[in-house]
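Structure assessment
Residue strings, one per chain:
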Amino acid sequence: MDTGIAKRLVIGGILIAGTLLILALYLPNLRPDPNGTEVGGTAAIGGPFTLTDHTGTDVNEQILLGHYSLVYFGFTFCPDICPMTLQTVSDAVELLPGQKSELVQPIFISLDPERDTTSVMADYVGHFHSRMIGLTGTADQVRQAAEAYRVFAQKRPLEESDDYTVDHSGFLYLMNRSGRYIDHFGKDVTMEELSARLRELL
Ligand code: NI
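Okay, so let's go over this structure.

Rules of the game
- Residues numbered from 1 in each chain as written.
- Predicted model: local features only at pLDDT ≥ 70, side-chain atom pairs only at ≥ 80, totals over all residues.
- Heavy atoms only, no water.
- Helix = DSSP H or I, 4+ residues; strand = E, 2+ residues; numbered from the N terminus.
- Buried < 20%, exposed > 50% of the residue type's maximum accessible area, 1.4 Å probe, protein only.
- Contact = heavy atoms within 4.5 Å.
- Areas by Shrake-Rupley, 256 points an atom, 1.4 Å probe, with all protein chains shown as cover.
- Phe/Tyr/Trp six-rings, centres within 6.5 Å; stacked < 30°, edge-to-face > 60°.
- Pairing = 2+ DSSP bridges.
- Right-handed = clockwise from strand over helix to strand, strands pointing away.
- Axes fitted to C-alpha atoms, helices over the stretch in contact; angles between N-to-C directions.
- Donors = N, O, S within 2.8 Å, 3.2 Å for Na, K, Ca; no water.
- 1 Å grid on protein atoms, 1.4 Å probe; cavity = no way out; pocket = protein on both sides within 12 Å on 5 of 7 lines; lining within 4 Å.
- Points joined across faces, edges and corners; volume = space filled by probe spheres on them.
- Nonpolar A, V, L, I, M, F, W, Y, C, P; charged D, E, K, R; others polar.

**Remarks on the overall build of the protein**
Check the secondary structure of the protein and you find five helices and nine strands. Tracing the protein from N to C terminus, the helices and strands come up as α-β-β-β-α-β-α-β-α-β-β-β-β-α. Expressed as a percentage of the 202 residues in the protein, the buried residues total 39%. Pairs at least 24 residues apart make up 69% of the contacts formed inside the protein by residues separated by at least 6 positions. On the protein, roughly 11500 Å² of surface is accessible, and the fraction owed to carbon and sulfur atoms is 57%.

What follows is the structure in structure tokens.
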């Protein structure tokens, strides 16, 4: 074979191999997320957890799969923000037309496993929504879940009593059907705003 043709074939081969390598490396990142907009490329919020639901069944992050989830961390003794937020979640889901409400799973994760046993959680979530899942666990399990969702939580003794409260961040997280983070809402979110955001996706 003529050395000129051979050289061209080798160079061509290298170029094709290089192009294929670049496509293989970058194409997966360029594909849009079919279930919503990814924020910042890789999701920084969410991840593996192992907890126990309010019926006493051990669960993990796979409970997020197949539907949208609204995930909120708090504690059942919280006097104001937690119950207000969970009521907003419940109302927003109920505002969705017809069967669409069943495509959204409300989830409440306790930051106070000491007091929030599965039976306390069962009673509590039942007050808000028939399909709300309450999750609790050991102190370590709860800490791991909170860290995965970047949730701050700190036990604080109450003055002149043996009781304590739990200071905590109060973001509500929206996860997509693959269990990945899409959006978050602050404590002032209204049921109309939340329901409108869900309707965009469903
Ligand atoms: Ni609270």
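**Description of the packing of aromatic side chains**
The final tally for this structure, using the stated rule, is six aromatic pairs. Between Phe108 and Tyr124, the aromatic rings sit 5.5 Å apart at their centres with planes inclined by 40°, giving tilted as the arrangement. Highlighted residues: Phe108 in strand E4 (residues 104–110) and Tyr124 in helix H3 (residues 118–126), separated in sequence by 16 residues. There is no split in this pair, since Phe108 and Tyr124 are both buried. Relative to Tyr173, the ring of Tyr149 has its centre 5.8 Å away and its plane inclined at 45°; by these criteria the two rings are tilted.

**What to know about the pairing of strand E5 (residues 133–136)**
Side chains of E5 alternate between two faces, with Ile133 and Leu135 and Gly134 and Thr136 buried alike. Sheet topology places E4 next to E5; three bridges connect them, and they run parallel. For Ile107, the partnering residue across the bridge sits in E5 and is Ile133. Once you follow E4 into H3 and on to E5, the crossover reads as right-handed.

**Let's talk about the sheet that holds E4**
Either a parallel or an antiparallel arrangement is found when strands of a sheet pair, and the pairing is made through backbone hydrogen bonds. Spatial strand order, E2-E1-E5-E4-E3-E8-E9: seven strands in an open sheet with mixed pairing. Only two strands of the sheet have a single partner each, and these edge strands are strand E2 (58–60) and strand E9 (181–185). Strand after strand, the sheet turns through a mean of 35° between neighbouring axes, direction not considered. Here H3 sits on the sheet in contact with strand E1 (50–53), E4 and E5, set at roughly 155° to E5. Together, E1, strand E3 (68–74), E4 and E5 form the strand contacts of helix H4 (residues 139–148), whose direction differs from that of E1 by roughly 110°.

**Some points on the coordination of the nickel ion**
Bound to the nickel ion on the protein side are Cys78 (SG), Cys82 (SG) and His168 (NE2), at distances that span 2.1 to 2.3 Å. Considered as a linear motif, the donors of the nickel ion on their single chain read C-x3-C-x85-H. Of the two residues, Cys82 is situated in helix H2 (residues 81–95) and His168 in strand E7 (residues 164–168); the sequence distance between them amounts to 86 residues. Exposure class is identical for Cys82 and His168. Each is buried.

**Some thoughts on the side chain of His168**
His168 sits in the buried class, given a relative accessible area of 19%. Residues contacting His168, with those up to four places away along its chain left out, are Tyr72, Phe73, Gly74, Phe75, Cys78, Cys82, Leu111, Phe152 and Ala153.

**Examining the layout of surface pockets**
By volume, the largest pocket is sized at about 290 Å³. Together, 15 residues line the largest pocket, and Leu111, Pro113, Val142, Ala153 and Lys155 are the ones closest to its centre. Looking at the lining of the largest pocket, the elements with two or more residues in it are H4, strand E6 (153–157) and E7. Here the lining of the largest pocket gets four residues from one element, more than from any other, and that element is H4. Residue composition of the lining of the largest pocket, by class: 10 nonpolar, one polar and four charged.

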